[in-house]
Amino acid sequence: MSKTSRGDAKDESKHLPIYRHKAKLVEAVKASTFLVVTGETGSGKTTQLPQYLYEAGFCKNGRIGITQPRRVAAITVAQRVSQEMQCTLGREVGYQVRFDDCTSQDTVVKYMTDGCLLREILADPGLSQYSVVILDEVHERSLNTDILLGLLKKIFSKATKSRSFPVRVVVMSATLETDKLSAFLDNCPVFTIPGRMFPVTCTFGSAVGPKDTESTAYVKEVVKMVLEVHTSEMAGDILVFLTGQTEIERACDLLFEKAESIDYRYDVQDQTVDGLLILPLYGSMPTDQQRQIFQPSPPGIRKCVVATNIAATSLTINGIIYIIDSGFVKQLNHNSRVGMDVLEVVPISKSEAQQRAGRAGRTSAGKCFRIYTEEFWQKCMPEYTIPEIQRTSLTAVVLTLKCLGVHDVIRFPYLDSPEERFILEALKQLYQFDAIDRRGRVTQLGKLMVEFPLHPGLTRALLKAASLGCEDMLLSVAAMLSVENIFIRPGHPEKQKEADKKHRALAAKCGGTNDFATLLTVFQACKSSDRPSAWCKENWIHWRALKSAFSVETQLREILLRLQQMRDFPVETFDGNKNELFRRCLCTGYFTNVARRSVGKVFCTMDGHGSMVNIHPSSSLFDQDAELNWIIFHDVLVTSRVYIRTVCPIRYEWVKDLLPKLHEVDVYELSSVAREEVTDEEMTKWEMREAAKRLPEVSTEDV
Ligand code: ADP
Ligand code: MG
């Protein structure tokens, strides 16, 4: 790595607020096991602190690991830092996110998702590779970060004898809750990076009121507002907050269309402005496109970034003067109406709205245009965002904790405890999957399940298939369900018809009544094609998503092979046809998602909630009604109706023996074990699995 000629990026970093505090900050990290670092977003915490520690020699004893709740943030920031340090990404500076490991032996500064670090703890509970662990974006309160906080507190609160050098844990957060964090981490010191913020004027709009919480009309309003700002405000870039990819793409399309007709001689107030550069920003975007976002716009051109919440704190774009806030965010919530986790579009909290507005005041005074009314702010927006741990399913993390020897999952040190019923629900589900026994102890199967960075249900189906020797089918399906949507649905009505026709033809190849089988067909057809990218184009399939699915499949297969070699892997036999075998394997993982025809096209779930659900139009079963009485489904979409997606018909006999398990178990029996006294030694007794490779995570944060 060259230390003499550093690029512009490095010089830029000297102007960041954190720079003046470099020496003191390094001292503070040296001085105590735990340290809380706080400062406004954009002050340089994420990109600079790891470099300061590197320069101060912290890498002599091990790596510096920095976690991010979002995968895009981990990737983008690692790119930036490798640029600043003038090294190739993947060498000294690297990143690891689920199914994508860009690190090497040389990597000393490693950005990763919080889920990744959680998986590393499974393989190496003492985190012996690390000299410093930095939990970043802690204010986001993602589920995995919250669990990591508790685990790191447990592991490093007392001096650990097994380590030859002391570890340092730094917890970074944008302003909020630092006292609480410090109190949680043995009253550790708090280092505050003084920020400079310029005033931001906020105005409310008239478009979204308290009655509009379920409509998506705000996309049009946002577009209108962008054009208004562009034509009537002085130069300066715009940052728009919307909720997800489809919406962002729609908004960008609309903007392109409308921006065409602007006459820059008459329509715009600021005559130095003569163009609009529209850039989308969301989680699953290709990284080369993301890079453009950070580049300064050419003279006279106003940049308009249309982003998800990722631009609220994880990524800082320079030059933003105007914010347009839709007031909504996409969030994974446990939906009590359907009894499962659902990605929902919900109003943001007031604190979130303030954070969004603040993005306009970093380098000069700014303006924030909220498209919602003041009444909406008062009546529909909660004060704070509820931590993820209190609103999503805990099944996967409870299994992880149990595998780490934390049997008393109720009294685990949570920064904010989840409701007991959520923990009980997780225990119940794990019991139903045979991952824990009646006493709440992890079973052999549970130990296998925890190795997969997938939803426990999908893992259960995959392991069943593996024991029956038909893992090929389930590996492909699991991979396809782990990547972004593979089906392209163009906006243009004619093209849409054409795409739908192609997709129906693909579904028909495998009988046309099983969406899981369609995924498998697409996977296999593309894989065996001589020109896979052309094949995708022809069939309206996202080639990029399919390419990731191929890579994910390989990685899942590697995990499975390793497990099959390492342990007494269960072996079963089955004599029936392949189609039935496939669906029966799915049933072992999806019996919690069984529905039965109620009336007409409405189905009723069998998990005890008895919710009424409809098959989503994207399913090949949408307009089939012949003898379709029992089905399983992959997930749920809640709009004004409850839709189920990725559906497969089954026979009642296949789930008959599994369904009672949904009701049989007394959760309090499981919880009485959960309360059982377990000493901290359990943690250390946990034998290290030397051969265990580092594995990535189950993450909901691709939004
Ligand atoms: P914090 O973590 O305190 O919010 P960051 O370290 O993320 O601050 O950001 C510091 C600066 O680095 C910001 O000015 C931001 O614009 C810049 N930066 C971060 N990532 C990139 C990137 N990929 N390209 C260009 N600049 C970047
Ligand atoms: Mg940061």
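Report on the accompanying structure. What you see is a predicted model; the values in this text were computed from it and never measured.

1. Some details on the site of ligand 1
Okay, step 1: Near ligand 1 lie 18 residues; those nearest to it are Lys-45, Thr-46, Thr-47, Arg-80 and Phe-294.
Okay, step 2: Every element with two or more residues in the shell around ligand 1 is listed here: helix H3 (45-55) and helix H4 (71-84).
Okay, step 3: Taken together, the residues of the shell around ligand 1 break down into four nonpolar, twelve polar and two charged.

2. Points about unusual backbone geometry
Okay, step 1: You will see that Asp-186, though not glycine, has its phi angle at about 55°, which is positive.
Okay, step 2: Mapped onto the elements, Asp-186 comes out in the loop between helix H7 (178-184) and strand S8 (190-193).
Okay, step 3: The class of Asp-186 is partly exposed, set by 13 C-beta atoms lying within 10 Å.
Okay, step 4: Even without being a glycine, Asp-434 presents a positive backbone phi close to 65°.
Okay, step 5: The topology assignment puts Asp-434 in the loop between helix H14 (420-432) and helix H15 (444-449).

3. Quick word on the environment of Glu-383
Okay, step 1: Among the structural elements, Glu-383 can be located in the loop between helix H12 (374-380) and helix H13 (395-403).
Okay, step 2: For the pair Glu-383 and Ala-353, spaced 30 residues apart in sequence, the C-alpha separation works out to 9.8 Å.
Okay, step 3: Leaving out residues up to four positions away in the same chain, Glu-383 has contacts with Ser-349, Lys-350 and Ser-351.

4. Observations regarding the packing of helix H5 (residues 114-123) against helix H6 (residues 143-156)
Okay, step 1: Following both chains from N to C, one finds H5 and H6 inclined at 40°, their axes separated by 8 Å at the closest point. Comparing the axis directions of H5 and H6 gives the class oblique. Like other packed secondary-structure pairs, H5 and H6 cross with a definite hand, here left-handed. Between H5 and H6, the residues in contact are Asp-114, Gly-115, Leu-117, Leu-118 and Ile-121 and Asn-144, Thr-145, Ile-147, Leu-148 and Leu-151, respectively.
Okay, step 2: Tallied by class, residues from the contact of H5 with H6 come to six nonpolar, three polar and one charged.

5. Examining the pairing of strand S10 (residues 237-241)
If a strand is regular, its side chains alternate between the two faces of the sheet.
Okay, step 1: The buried fraction of S10 is high, at five of five residues.
Okay, step 2: Alternating positions in S10 separate into two faces, Asp-237, Leu-239 and Phe-241 on one and Ile-238 and Val-240 on the other, with burial throughout.
Okay, step 3: Taken together, the five bridges between S10 and strand S13 (residues 320-325) define a ladder with parallel strand orientation. Residue pairing across strands places Ile-238 opposite Tyr-322, the latter belonging to S13.
Okay, step 4: The sheet contact formed by S10 and strand S12 (residues 301-307) spans four bridges and is parallel. Paired with Ile-238 across the bridge in S12 is Cys-304.

Quick notes on the rules
- Residues numbered from 1 in each chain as written.
- Chains lettered and ligands numbered in written order.
- Predicted model: local features only at pLDDT ≥ 70, side-chain atom pairs only at ≥ 80, totals over all residues.
- Near = placed C-beta within 6 Å.
- Helix = DSSP H or I, 4+ residues; strand = E, 2+ residues; numbered from the N terminus.
- Nonpolar A, V, L, I, M, F, W, Y, C, P; charged D, E, K, R; others polar.
- Buried ≥ 20, exposed ≤ 12 C-beta atoms within 10 Å, placed from the backbone.
- Contact = placed C-beta atoms within 7 Å.
- Axes fitted to C-alpha atoms, helices over the stretch in contact; angles between N-to-C directions.
- Parallel < 35°, antiparallel > 145°, perpendicular 65-115°, else oblique.
- Left-handed = near helix turned anticlockwise from the far one by under 90°.
- Pairing = 2+ DSSP bridges.

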